[in-house]
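Here is how the chains run, residue by residue.
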Amino acid sequence: MRKTLITFASVAVLVASGFAPTRAGTAGTAGTAGTNVEASGGYAEAVRELVHVETPVDTDLDGVRDRVAAYVIRPRSTEHGHRVPVIIETDPYWAGLVDVAPHPADVRSVPELAPWEPPPSGAPSDYSGGYYDNYFVPRGYGVVEMASLGTGDSGGCPGTGSKAEAEAVKAVAGWLTGQGTAWRTDGTPVAASWSTGASALVGLSYGGSLALSGAVAGAPGVRAVVASAAVTDWYRYYRANGAHAAPRGYAGDDADVHAKALLTRADPARCEPHIRRMEMAVDHASGDRNAFWDDRDLTRDLRKLRAAVFLVAGLNDDNVRPGHSTRMWQALERAGVERRMWLHQGGHDDPIDVRGAEWLRLAERYFGHHLQGRDTDWDEGPVVSVETAPGRWEEHPRWPAPGVRTTTVPGSGSGSAVFVDDPSRSAADLVTSGGVPLATTGPLGRATRLSGSAEVTVRASVAGASPYLTALLVDLGEADRVVGRTATDRTWCFAPVTDEDGYGCRARTEPVVERAPFRIVSRGWLDIRNRASDYGERPVDPDRQYTFTWRLEAVDYVVPAGHRVAVVLIGTDREHTLRYAGDTRVVVDLERSSARIPLAIG
């Protein structure tokens, strides 16, 4: 999960576009995006300070509680008694990443760890900020950009979604309510007397996961959360049903690799014992779920959550798959938590790059209602907004979509089908030759919505080194399809900027459309040794048939009329799973296999 920041236009370009850097007493807005600018001083005159907040944890085991860096940006008026609510943006990437070798994706006998030594020094203390301060500080909010444990100017050690990281988020939120202790860089104690104590936690990707984890842990004063492309279960980020199933292009990655890449703090060698414990705890060799992973599943216990939650996910995100958000949505529903969700046609994108000014307007209403207590016409009822095509949005009170029906599609044919696993070929290549068409619908009479998670049942024998079966949900039919979004060379400006901070402007994005004879719309992976449980393996007799049942990743996708929907069975998914050597042979009993596909007629 790598966060990529867009490089923004120079100040000269901003001036040419009619959006000059803010000067004393002024605040720029972008058309209708801003409507409630407070008379609290210009963005250029905002107070900026770095404070170090004490946490209750000691992850580097030096006998001293870890401190995390909090970069504060607040209106100048707070120097004169004005108190403001705060938006806390959590992120592990402010200081960048360390170059770390991934674990080998090609397996000789059992999955192995790549060699690792701590880097000799941390990253520079300079950090790359976000856009929330540019937009919301002139509107009467403070913004705190928090560097998570072990990153940048923070102490402690990264934990890839650990409870210690959640405690650090809680500590920052608590400091804003008057609890806890913090110091300036010169060692002077500092209180957040300028804060009303009300706050929101926001973040993208890992940052969104940190925001959710702090709220789930009961961070004081937190009334709202924005979690964009957030990991809600770290096991499901790296694995699925016992199989190693990392984000696309990162086969072999695991939680310890991520922690190593984030170790940008000063004196990184202090975290070597912590990282070595992680290497053991993740159980890379088996891929099983265990207590380490259970601690990193945010959907398990929401009893302490008191904040409203806004989830945003890209339906074409091959990094943090959209099922992280839809699964959290369903958990929030069971817990009775106020919630809202956007499912868009982009990939691993910030909502501002998807809906621009509409996102800023909605965020302003959301924060105004929950943090300032203003009447912003905010609807507290559950609303799911789904982008079914570029710029075409539908709203529903629940997800999956109303009218969805799970349709059982029987196996495609009689007798058996045989394939030999080929880890050198991509899943897309295997759709056309080399995989087994497990179940296929007839041509659809009209546009049909897939909404939810498909499930496959496969009766098969498997003989060979690879333990993986992969099910691909495929839209069969020639069409132009949206596969994500990309930045253009055009820039739009929506908030004040300064000579040092141009984050009030961003590159405009546009949909990426590809024409192809088919599209893989969802995938699901299984380690056949984990056919009964994620928590433990059972031996497989290569001469015996077994019934394997597993679910695919969540999907929301419209299949055009005339197309067919198919489930194709392969073994290794080269872009996601580990790759075992050898010619694994799979014999599928088609008559005793089937697929359950969530369909809603559009």
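Quick note: structure is the one above.
Residues numbered from 1 in each chain as written. Predicted model: local features only at pLDDT ≥ 70, side-chain atom pairs only at ≥ 80, totals over all residues. Heavy atoms only, no water.

**Thoughts on the overall build of the chain**
Right, so step 1: Scanning the chain from terminus to terminus reveals 12 helices and 27 strands.
Right, so step 2: The globule rule puts the C-alpha radius of gyration for 602 residues at 25 Å, and the 25 Å found for the chain is close to it.
Right, so step 3: Reported as C-alpha extents along the three principal axes, the dimensions of the chain are approximately 80 × 55 × 45 Å.
Right, so step 4: Counting every position in the chain, which comprises 602 residues, the buried fraction comes to 60%.
Right, so step 5: For the chain, the accessible area works out to roughly 22400 Å², and carbon and sulfur atoms hold 47% of it. (Helix = DSSP H or I, 4+ residues; strand = E, 2+ residues; numbered from the N terminus. Rg over C-alpha atoms; globule rule 2.2 N^0.38 Å. Buried < 20%, exposed > 50% of the residue type's maximum accessible area, 1.4 Å probe, protein only. Areas by Shrake-Rupley, 256 points an atom, 1.4 Å probe, with all protein chains shown as cover.)

**Description of the sheet that holds strand β21 (residues 505-527)**
Right, so step 1: On the basis of which strands lie adjacent, the open sheet formed by four strands has the order β17-β24-β20-β21 and antiparallel pairing. One side of each edge strand has no neighbouring strand; the edge strands of this open sheet are β17 (436-440) and β21. Here the strands of the sheet are splayed against their neighbours by 40 degrees on average, with no regard to which way each runs.
Right, so step 2: Of the strand pairs in this sheet, β17 and strand β24 (residues 564-570) are connected by four bridges, and their pairing is antiparallel. Bridge assignment links Thr-440 to a residue of β24, and that residue is Ala-566. (Pairing = 2+ DSSP bridges. Axes fitted to C-alpha atoms, helices over the stretch in contact; angles between N-to-C directions.)

**Here we look at the environment of Arg-425**
Right, so step 1: For Arg-425, the location among the structural elements is in the loop between β16 (416-420) and α12 (427-432).
Right, so step 2: In this structure, the C-alpha to C-alpha distance between Arg-425 and Glu-575, residues 150 residues apart in sequence, is 9.3 Å.
Right, so step 3: If we ignore the near neighbours within four places in the chain, the residues touching Arg-425 are Leu-430, Ser-433, Gly-434 and Arg-574.
Right, so step 4: Here the side chain of Arg-425 touches Asp-429 through a polar contact of 2.8 Å, side chain to side chain. (Contact = heavy atoms within 4.5 Å. Polar contact = N/O pair within 3.5 Å; in protein donor to acceptor, adjacent residues only side chain to side chain.)

**Some remarks on the packing of aromatic side chains**
Right, so step 1: Here the structure, examined in full by the defined rule, presents 27 aromatic pairs.
Right, so step 2: Between the aromatic rings of Tyr-366 and Phe-367, the centroid separation amounts to 5.6 Å while the plane-to-plane angle is 40 degrees, which identifies the pairing as tilted. Each member of the pair, Tyr-366 as well as Phe-367, is classed as buried.
Right, so step 3: Seen from the ring of Trp-329, Arg-339 lies directly overhead, with NZ or CZ sitting 4.7 Å from the centre.
Right, so step 4: Its guanidinium or amino end placed over the ring of Trp-378, Arg-340 lies 4.2 Å from that ring's centre, counting from NZ or CZ. (Phe/Tyr/Trp six-rings, centres within 6.5 Å; stacked < 30°, edge-to-face > 60°. Lys NZ or Arg CZ within 6 Å of the ring centre and 35° of its normal.)

**Observations regarding the pattern of salt bridges**
Where charged atoms from two side chains of opposite charge approach closely, those side chains can pair.
Right, so step 1: Enumeration over the complete set of coordinates arrives at 43 salt bridges.
Right, so step 2: A salt bridge links Arg-327 to Asp-233; the nearest nitrogen and oxygen atoms lie 3.6 Å apart. A residue pair is termed long-range when its members are at least 10 positions apart, and Arg-327 in helix α9 (residues 323-335) and Asp-233 in the loop between β8 (222-228) and α5 (234-238) qualify at 94 residues.
Right, so step 3: Its salt-bridge partner being Arg-276, residue Glu-272 comes within 3.2 Å of it at the nearest N-O pair. Taken together, the residues span about one helical turn, with Glu-272 and Arg-276 both in helix α7 (residues 272-281) at a distance of four residues.
Right, so step 4: A residue is classified by how much of its surface remains accessible, and Glu-272, at 25% relative accessible area, is partly exposed.
Right, so step 5: Each of Asp-233, Arg-236, Arg-289, Asp-294, Asp-297, Arg-300, Arg-327 and Asp-534 takes part in a single network of salt bridges with overlapping partners. (Salt bridge = Lys/Arg side-chain N within 4 Å of Asp/Glu carboxyl O.)

**Considering the side chain of Glu-279**
Right, so step 1: Position of Glu-279 among the secondary structure elements: in helix α7.
Right, so step 2: The class for Glu-279 is buried, based on a relative accessible area of 11%.

**Focus: α7**
Right, so step 1: Turning to α7, its buried residues number three or more, namely His-274, Ile-275, Met-278 and Glu-279. End-on, the buried residues of α7 take up no more than an arc of 145 degrees, which puts them together on one face.
Right, so step 2: Packed against the buried residues of α7 are α6 (255-261) and α8 (291-294).
Right, so step 3: Phi turns positive one or two residues past the end of α7, at Asp-283, with a value near 55 degrees. (Arc of directions from axis to C-beta.)

**Section: unusual backbone geometry**
Right, so step 1: The step from Trp-399 to Pro-400 runs through a cis peptide bond, and the omega angle for that step is 0 degrees.
Right, so step 2: Structurally, Pro-400 is set in the loop between β14 (392-396) and β15 (405-410).
Right, so step 3: Backbone geometry places Ser-205, a non-glycine residue, at a positive phi of 65 degrees.
Right, so step 4: For Ser-205, the location among the structural elements is in the loop between β7 (195-204) and α4 (206-216).
Right, so step 5: Accessibility expressed as a relative area gives 0% for Ser-205, which makes it buried.

**Re the sheet that holds strand β2 (residues 67-74)**
Right, so step 1: Taking strand neighbours across the sheet as the criterion, the 11 strands line up as β6-β1-β2-β5-β3-β7-β8-β11-β12-β13-β14 in an open arrangement whose pairing is mixed. Both outer strands of the open sheet, β6 (182-184) and β14, are each paired with one neighbouring strand and no more. Neighbouring strand axes in the sheet, compared pairwise and without regard to direction, differ in orientation by 20 degrees on average.
Right, so step 2: As paired strands, strand β12 (residues 339-344) and strand β13 (residues 383-389) are joined by four bridges and run parallel to one another. Counted as the bridge partner of Arg-340 is Val-383 from β13.
Right, so step 3: The strands that α9 touches are β11 (308-314), β12 and β13; relative to β12, the one it contacts most, it runs at about 160 degrees.

**Regarding the state of the cysteines**
Right, so step 1: Tallying each qualifying case throughout the model produces two disulfides.
Right, so step 2: Across the disulfide, Cys-157 is cross-linked to Cys-271 (sulfur-sulfur distance 2.1 Å). Between Cys-157 and Cys-271, the S-S dihedral sits near -95 degrees, and the bridge is therefore left-handed. With a gap of 114 residues between them, Cys-157 in the loop between β5 (142-147) and α3 (163-176) and Cys-271 in the loop between α6 and α7 connect regions that are remote in the sequence. Both residues of the pair, Cys-157 and Cys-271, belong to the buried class.
Right, so step 3: Cysteine pairing in the chain follows 1-2, 3-4, where each cysteine in a disulfide is numbered by its order in the sequence. (Disulfide = S-S within 2.5 Å.)

**A short note on the pairing of strand β23 (residues 555-559)**
Right, so step 1: Where burial is concerned, most of β23 is hidden: four out of the five residues are buried.
Right, so step 2: As defined by bridge partners, strand β18 (residues 448-452) adjoins β23 across five bridges and the pair is classed as antiparallel. When the sheet's bridge partners are listed, Leu-450 is paired in β23 with Tyr-557.

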